[in-house]
Structure formats: C-alpha cells, structure tokens
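Examination of the molecular architecture
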Amino acid sequence: MLLDVLGRVMSANGLITAFVFVGALVWVSYLISSTLTRGRIHGSAIAIALGLVLAWYGGLSTGGSRGIADLPLLAGVGTMGGAMLRDFAIVATAFGADLRTLKKAGLVGAMSIVIGVLLSFVVGAVVAVLFGYTDPVAVTTIGAGAATYIVGPVTGTALGASSDIIALSVAAGLTKSVLVMVGTPLVAPRIGLNTPHAALIYGGLMGTTSGVAGGLAATDPTLVPYGAMTATFYTGVGCLLAPSVLYLGVRVFL
Amino acid sequence: MVIYGVALLSFCMLIGMFAGDLLGEVLGVQANVGGVGVAMILLLLLSNFDSRRLTLSPITEQGVGFWSAMYIPIVVAMAAQQNVVGALSSGWMAIVAGVVAVAASFAMIPVLARVGHGDQDAS
C-alpha cells in the first residue's frame, strides 16, 4: 500500500519528481567527480553522461523513444528536459553575456553556420554513397540528417524520401548530438575551445542545439550563451539549404 | 519582484520564437529559424539598456538568474530523455555518418577560430 501511494504521488507530481531525481543524479555525479576523478572530469560532464546511460536503459526497458522519461514514474523528466524549458534556460544564460564579443564575431559566426551545414551534409552524403546508396533523394536525406535530426526528416519529407531513409537520417543526427555532448569536454583543450569567440564558432559548426547545450555545459558553462546563439540558426539554415541547393548539388554528382 | 525577471525572460523567449517561426514561414522551411538566438539578443539588449527606467533591481535579476542556474540540471534531464537506443540500433551507416560529421566539425573549429582572429588583427 505504501508503495502504491508513493508511486501515485510521484506520477501525479511528475515535474517535482524530476527535480528530485535530477538533483540526486547531479549530486552523485559531483561526488564521483570529486572522489573518483579528483575533479579532473567535470561533475556536469559526468551527470550528462549518466543521463545518457539512463536514457539508454529507459529505451531498452520500455521500447520507447524518450529515454528514461518513458518510465511512468519519471515522465516529468520529459517536461524538465523538453524543448520549452531547455530553450528557456538557454535564453536565460544570455543574461550577462558580453554583447561586444557577439558583435565582433558576427561575420565568422555566420560563416561557421554555413560551413558547418555544408561540412556535415557532405560527410553524411559521402558516407551514404560509400554504404551503397545511389538515389539522390536518399543521399540528400541522410546528408541532411548528419546536420541535425530535425534537418533530416524535414528534408526527407520535402523530397519524398521513404520512411526507413528518414529513420536513418534521424539516427545519424541523434548519434551526432549524443557524441557532441560526450565528446566536447574531452576534445575542448585540443581544439582551443576556451574563449567566447571559439564557442561561437563551435556552436555554428556543430549546430545540434541539444549537443551544443550539453557539450558546453560539461566544458565551461560560461561559454554556453555564445555557442547556443549560433547553434540556434543552424537547423533553420540546414532546412533551407538541404532540400534546395544541396539536393541539386547531389543530383549533379549522382 | 522576482516575477518581473521571469516575465521579462518569458517575454523575450515568446518574441524570439515568434520571430523565428515567422522567418521560417517567410523562407518556406518547416522550422524555427534562430528563435532562441533572437530571444537571447533581445534579453541582452533589454538588460543592457542605459535607461534608468529599465535598470533591473537585484531581486528582478534573480528571476532570470535562477533559470540561468537551472540550465545544467535541465540539460541533464534533456540527456536522460534522448533516444540513445534509437541512435545505436539503426545500423552502422547512421553511426558512421554521425561520428565522421562530428569529427570533421571539431577539426574545423581551430581553423575558423584563426580566421576570425586574423580579421580582427587586420582591422
């Protein structure tokens, strides 16, 4: 009876349950960071990695697509980490950001977005061709998916790609976003990702909002507003270029 | 009042999302183009406004600061609801495409960062 009532209270107050759950997760992560790694790996990096592991477990045990949020007791995690609160918190980080840095990096920031979309698209398209795809629509859709998991389906739908190709493009984008979250803190020192200027370029090149948000949080939270600022334009630019100019480009080659 | 800060933040986000969706419509793409970016710029402009009427009191600032501080926990929650199984189970091609795209993008960061700094030196 006790457990029934507890379960009922937890699911009826989903978002509050999520606050407790994430709070405990972050606490454990910082404990691991300070004891096991002596602070060498940032607590937030461990928290995000643990979050991904839990998402993997949630997906395996429920067969759903929303990670741990598919467990009824933890559905509130879906609200807490959903697009609305995520974007709300990202906007809030702009408070106190340096306006002059943003102005100075305007041009190279814009450049990085276009180069980032092109680069990911070409890489994705080439991989698709190497794996034996020759249909321009399929190659374009998979290339678009390598940009972000939103650009892929938008492009695939616009071009009339089949649903299994669209699913592949989403998987490519998801892989990218997960890898950016995990990989950013590891490679940050080597690629010079330690200034607002570099963070702007990083956001434009990577483009996946969730990847950039997680990656910078785990590297240096003060860089978040700069990376998030450029990343927010990436998906739009991708949706603009992929089904039009880039599709025509692919048709020239195939 | 704390609510002034929260309201200001929410107002900026709504206007930004509105602008982003509108821009998406105009460009004919089914996506929000830069909505969060517009919202961030708006918040920056409003909070940096050199007018005595718009100077935020410290308590009002707490309304924004709280959400800024909640950023990492929210990102942890976001990570916990990613479709990791979906990313890993769709076969090698999707994984290879994602991995190589990330590697190539990481490699471009130092190159572009140098270009940007070169521009500043010249001007």
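A quick note: this is a predicted structure, and the numbers were derived from the prediction, not measured.

What follows concerns the nonpolar core. Counting residues in hydrophobic clusters, the biggest one holds 129 residues, and the most contacted among them are I48(A), V91(A), I142(A), V75(B), V76(B) and I109(B). Here the element with the most residues in this core is helix α13 (residues 224-253) of chain A; it accounts for 15 residues. Ignoring sequence-local partners within four residues, the contact set of I142(A) consists of G124(A), A125(A), A128(A), Y133(A), I165(A), L168(A), S169(A), A172(A) and A97(B).

We now examine the environment of G98(B). Note that G98(B) resides in helix α6 (residues 92-122). Along the chain, G98(B) and Q81(B) lie 17 residues apart, while their C-alpha atoms are 19 Å from each other. Beyond its immediate sequence surroundings of up to four residues, G98(B) is in contact with A146(A), A172(A), T175(A), K176(A) and L179(A).

Across the boundary between the two partners, chain B contributes 66 residues, which contact 90 residues of chain A. Those elements that provide at least two residues to the side of chain B that touches chain A are α1 (2-27), α2 (35-47), α3 (58-69), α4 (71-80), α5 (84-89) and α6 of chain B. The leading source of residues in the side of chain B that touches chain A is α6(B), at 22 residues. The residue makeup of the side of chain B that touches chain A, split by class, is 45 nonpolar, 20 polar and 1 charged.

Rules behind the numbers
- Counting starts from 1 at the beginning of each chain's written sequence and moves along it residue by residue.
- Written order determines the labels here, with chains lettered from A and ligands numbered from 1.
- Note on the predicted model: pLDDT of at least 70 is required for a residue's local features to be given, and 80 or more for side-chain atom pairs to be given and counted; whole-chain, interface and lining totals, by contrast, use all residues.
- The nonpolar core is taken to be a set of buried Ala, Val, Leu, Ile, Met, Phe, Trp, Tyr and Cys residues joined by way of C-beta atoms within 7 Å.
- Buried, partly exposed and exposed are defined by the number of other C-beta atoms within 10 Å of a residue's own C-beta, namely 20 or more, between the two limits, and 12 or fewer respectively, with C-beta atoms placed from the backbone.
- Helix and strand definitions here come from DSSP, where helices need a minimum of 4 consecutive H or I residues and strands a minimum of 2 consecutive E residues; each element is numbered from the N-terminal end.
- Any two residues are considered in contact once their C-beta atoms, placed from the backbone, lie within 7 Å.
- All residues other than Ala, Val, Leu, Ile, Met, Phe, Trp, Tyr, Cys, Pro, Asp, Glu, Lys and Arg, Gly among them, are scored as polar; the first ten of these are nonpolar and the last four charged.

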